[in-house]
Amino acid sequence: MAITRLVNDTVVSNATAGTRTVVRPPDIETNDVMVAHVTNSGGTAIASWTIPSGWVTVADCSTSANPRAAVFYKIATASEPADYSWSGFGASGGGSINVGGWRGVDLGTTIDVTGTVVTGSTQPFSLTGVTTVTANAMLIASIFENSSSTTGITAPSESPAWDYAWQHNIQRINVLAFVLKATAGATGNKAFTDNKGSLTRIGLLWALRPAAGATVAEMQAAQQQQPGWPFPRRPRVTVYAA
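Residues numbered from 1 in each chain as written. Predicted model: local features only at pLDDT ≥ 70, side-chain atom pairs only at ≥ 80, totals over all residues. Heavy atoms only, no water.

Asker: So what's going on with unusual backbone geometry? Which residues, and what values?
Answerer: Across the junction of Q123 and P124, the peptide omega takes the value -10°, indicating a cis bond. When you line up the elements, P124 lands in the loop between β9 (118–120) and β10 (125–127). Looking along the chain, the bond that leaves S159 and enters P160 is cis, with omega of -5°. For P160, the location among the structural elements is in the loop between β12 (137–145) and β13 (163–168). The backbone phi angle of N31 is positive, close to 75°, even though this residue is not glycine. Here N31 shows up in the loop between β2 (19–23) and β3 (33–40). Even without being glycine, N136 reaches a positive phi, approximately 70°. Its place among the elements puts N136 in the loop between β11 (131–132) and β12. (Helix = DSSP H or I, 4+ residues; strand = E, 2+ residues; numbered from the N terminus.)

Asker: For the pairing of strand β1 (residues 4–14), give the residues involved together with the corresponding values.
Answerer: In terms of burial, β1 is largely enclosed, as nine of its 11 residues are buried. Inspection of the sheet shows β1 paired to strand β7 (residues 95–103) by eight bridges, in the antiparallel sense. The residue of β7 that forms the bridge with T10 is V99. (Buried < 20%, exposed > 50% of the residue type's maximum accessible area, 1.4 Å probe, protein only. Pairing = 2+ DSSP bridges.)

Nothing here speaks to function; it is all geometry.
Following this line, the structure appears as C-alpha cells:
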C-alpha cells in the first residue's frame, strides 16, 4: 500500500500562553498516521509541555528559544477524540499547531529515519541528509522560522519534485514539505531558500516508512495524484479560532 497524504489539514494559532486545541482532520480513519507541527514564540521548553495522549515526539526542535518547535505523530485508533490539546506554552508570544494525515504507513515501525536538528540564520538553509532504510519511504522536511512573513519557503529543485503539506505563517512560520524516496539510501543535504534574510531557522529531515507490499510504481503514481503535481500547491487548511 502506498503512502498518500490526506489533504484536509487543520490548524489553530493564537498569541496567548496556556493551552492550544486543534481539531482532528476530518478525513482521518483508523490506522492513518497524523503528523503535528507545534510552535511557540519563546516560553517554556518543550520538556515542560503537556502532550495529548498517544502522540509520540519525532523531534524536539527547540535548539533556539524562539521559535520553540517540535514534531509529533500519532497512529489513529477507532475511537479518536474530536480534538487534541497541547499545554504549558509559557508566557511568551504565540504559536500554532498544524495536524495532517498520512495513509499507508507502516504501523510497527512508523519512522524510517530521523535526522539531525539543524539551526541556522543564513540562506540557503541546508538540512542535514539522512539515509533511509526502506525503499519508497516518504522523505519529510520540517522547518520552523522566527518570522510571521507571508513569504513562503522554496524547496530544492529536483525530480521527483517536492510538494508541500503546509506553509503556515500565523505567529511563526512552519513548513512541512515531502517527496518520495523510491530507493533506500543517502539523500544528501537539502537546501531550502526564501527571501527573508537573516533570521533563526530550525529544521530536520525525517521519513515515514511505507507499509509492506508497496511497489515503486505504486508510490510514484500516488505522489503524482497529489493535488498540484508536479507544482507546489497552496495548502488547504481549516482555521479554527483559539
